[in-house]
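Survey of secondary and tertiary structure
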Amino acid sequence: MTVILAIESSCDDTSSAVIVDGILRSNVIASQKVHEEYGGVVPELASRAHQMNILPVVDTALKRAGVAKEAVSAVAFTRGPGLLGSLLVGTSFAKGLALALNVPIIDVNHLQGHVLAHFVEPSDELIAQTPSLQGAVIKHPSFPFLCLLVSGGNSQIVLVRAYNNMEIIGQTIDDAAGEAFDKCAKVLGLPYPGGPWIDKLAKQGDATKYPFAKPNIQGYDYSFSGLKTSFLYTLRDMLKANGVETIDELAAKVPNLREDMCASLQATIIDILMRKLKKAAQDLGIKQVAVAGGVSANSGLRQAFLDYGKRFHWEVFIPPFSFTTDNAAMVCQAGYFKYLDHDFCAIDKVPFAKTQI
Ligand code: KG4
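The rules behind each value
- Residues numbered from 1 in each chain as written.
- Predicted model: local features only at pLDDT ≥ 70, side-chain atom pairs only at ≥ 80, totals over all residues.
- Heavy atoms only, no water.
- Helix = DSSP H or I, 4+ residues; strand = E, 2+ residues; numbered from the N terminus.
- Rg over C-alpha atoms; globule rule 2.2 N^0.38 Å.
- Buried < 20%, exposed > 50% of the residue type's maximum accessible area, 1.4 Å probe, protein only.
- Contact = heavy atoms within 4.5 Å.
- Areas by Shrake-Rupley, 256 points an atom, 1.4 Å probe, with all protein chains shown as cover.
- Near = heavy atom within 4 Å.
- Polar contact = N/O pair within 3.5 Å; in protein donor to acceptor, adjacent residues only side chain to side chain.
- Nonpolar A, V, L, I, M, F, W, Y, C, P; charged D, E, K, R; others polar.
- Domains from an automatic or database assignment.
- Phe/Tyr/Trp six-rings, centres within 6.5 Å; stacked < 30°, edge-to-face > 60°.
- Buried area = accessible area lost by both parts, 1.4 Å probe.
- Salt bridge = Lys/Arg side-chain N within 4 Å of Asp/Glu carboxyl O.
- Pairing = 2+ DSSP bridges.
- Axes fitted to C-alpha atoms, helices over the stretch in contact; angles between N-to-C directions.

Re the overall build of the protein
Of regular secondary structure, the protein possesses 11 helices and 10 strands. Over its C-alpha trace the protein gives a radius of gyration of 21 Å, about what one expects of a compact globule, namely 21 Å for 357 residues. Dimensions of the protein along its principal axes, counting C-alpha atoms only, are 70 × 45 × 40 Å. Relative to its full complement of 357 residues, the protein shows a buried share of 55%. Taking the intrachain contacts of the protein between residues at least 6 apart in sequence as the baseline, contacts between residues at least 24 apart amount to 73%. Accessible area for the protein stands at about 15500 Å²; split by element, carbon and sulfur atoms hold 53% of it.

So this is what it looks like as structure tokens:
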């Protein structure tokens, strides 16, 4: 029996998962509410919360999987990219546990984990216990495929040639798509993280109401900082034109303000993301196209994938909600593949903060 225990602690979610013989048995996530009042993740608070959460989260993951810690074959952990303090908690815990159990450790790149979320096979018991997995279509892409990886910290187009062979062919040169959602939401006075709020309000708004600036960048790279500025300046000009100082005052004068701003912003972000993805798919002649990362929870982006799929004859892969935001299931899957390759990591490996794949 091969048992992989995984730990994910790259940002503000402490998560642990267990895969037994290739099947995901548990995926426990403790989210940190402490950041809400600050409008963004506070790194030091995140590290402290990870320290408090990690032991009960790992313990629960093992119990839900129905395996004793002595049965663990290897401990996989997210080595980066992410917040260094947060990563240090998971990395140190993984090393300590593996040393105590006398099993190898496996370092996992968080971004590769997001891509490999498409290969997670949850057990029937786990599906029955997890509402977001019920009725979800779980299918695996074949190689090569393109993956649009969009989260709070990354926006990339990844060419996936194999489990262990990925190349970033395009990425943001400034902000990530999730960052654009979150920062614009903050300007509108919406809670953190703003992405889900924008998604919700956009459903009642007019996506053509505010034409925001779109970048003109070569190749497959992205840029979202100009859009953010365009959003900010649109509001600033409206405040001035209406002789008011706050968004609430403006919303009282301009009907459907927040809804229309959200719908227009979301449509612009999706258009920017999909155009480059279409170009990459056409240039490379690839018809299998996947999406991953926290922003892939966005209902407009999911619909755009289905629409593009129909129009351009792509086979599209959209992960179940549970595997879109940060979770250890994807780290466990990546760790399982590495275990099969005997691709273990030295005990002196340290976490890394910056994007690499
Ligand atoms: O992958 P992820 O969980 O973690 C990090 O990048 O750390 O992604 C989080 C990002 C946030 O920016 C959040 O606002 C965004 O995913 N997000 C969404 C939605 N749900 C989460 N953005 C747009 N629409 C959503 N429904």
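Here we look at the environment of A46
Mapping A46 onto the fold places it in helix α1 (residues 43-65). Considered as a pair, A46 and I138 are 92 residues apart in the sequence and their alpha carbons are 32 Å apart. If near-sequence neighbours (up to four positions away) are discounted, A46 is found in contact with C11, Q32, H35, V41 and S86.

Digging into the site of the ligand
Among the 18 residues in the neighbourhood of the ligand, the closest are listed as G152, D182, D199, G294 and N298. G178 is positioned with one of its backbone polar atoms (N or O) 3.3 Å from an oxygen atom of the ligand. Coverage of the ligand by the protein chains reaches 88% of its 550 Å² of free accessible surface. Elements with a minimum of two residues in the shell around the ligand: α5 (177-187) and α6 (195-202). Along the lines of polarity and charge, the residues of the shell around the ligand split into six nonpolar, nine polar and three charged. Each of domain 1 (3-137 + 323-340) and domain 2 (145-319) contributes no fewer than three residues to the shell around the ligand.

Notes on the packing of aromatic side chains
One pass over the structure, following the stated rule, counts 15 aromatic pairs. Judged by centre distance (5.4 Å) and plane angle (50 degrees), the rings of F212 and F231 are tilted. Here the residue F212 occupies a position in the loop between α6 and α7 (225-241), and F231 occupies one in helix α7, the gap between them amounting to 19 residues. Given the relative accessible area of 7%, F212 is considered buried. Residue classification places F231 among the buried residues on the basis of a relative accessible area of 1%.

Thoughts on the domain arrangement of the protein
As far as domains go, the protein holds domain 1 (3-137 + 323-340) and domain 2 (145-319). Averaged C-alpha coordinates put domain 1 and domain 2 at centres separated by 27 Å. Domain 1 puts 17 residues into the contact, and the matching count from domain 2 is 21 residues. When the area that domain 1 buries against domain 2 is broken down by residue, the three leading residues are V115, H118 and T324, summing to 37%. Inspection of the region where domain 1 meets domain 2 yields zero salt bridges. Linking domain 1 with domain 2 are two residue pairs in polar contact (both at pLDDT 80 or more). Per-element tally for the side of domain 1 that touches domain 2: the top contributor is helix α3 (residues 110-116), with five residues. Residue composition of the side of domain 1 that touches domain 2, by class: nine nonpolar, seven polar and one charged.

Some words on the pattern of salt bridges
Side-chain pairs of opposite charge can arise where the charged atoms are in close proximity. Inspection of the entire model under this criterion finds 17 salt bridges. Residue K338 is joined to D107 by a salt bridge in which the shortest nitrogen-to-oxygen separation is 3.3 Å. One end of the pair, K338, is in helix α11 (residues 328-340); the other, D107, is in strand β5 (residues 105-109), with 231 residues separating them in the sequence. On the basis of relative accessible area, K338 is assigned to the partly exposed category, the value being 22%. Between K228 and D175 there is a salt bridge whose closest N-O contact spans 2.5 Å. Taken together, the residues K228 in helix α7 and D175 in the loop between β8 (165-171) and α5 connect sequence positions 53 residues apart.

Focus on the side chain of H114
Here H114 lies in helix α3. At 3.3 Å, the side chain of H114 and the side chain of D326 are in polar contact. When residues no more than four places from it in sequence are discounted, the contact partners of H114 are L149, A292, G293, G294, T324, T325, D326 and M330.

Some details on the sheet that holds strand β2 (residues 13-20)
One open sheet accounts for five strands, arranged β3-β2-β1-β4-β5; its pairing is mixed. Across the chains shown, the open sheet's two edge strands, defined by having one partner strand only, are β3 (23-31) and β5. Along the sheet, successive strands turn relative to each other by an average axial angle of 20 degrees, direction set aside. For strand β1 (residues 3-8) and strand β4 (residues 74-80), the ladder comprises four bridges, and the chain directions are parallel. Within the sheet, the bridge partner assigned to L5 lies in β4 and is V75.

A closer look at the side chain of T2
Structurally, the position occupied by T2 is in the segment before β1. Contact partners of T2, with chain neighbours within four places excluded, come to I19, V20, D21, S73, Y336 and Y339.

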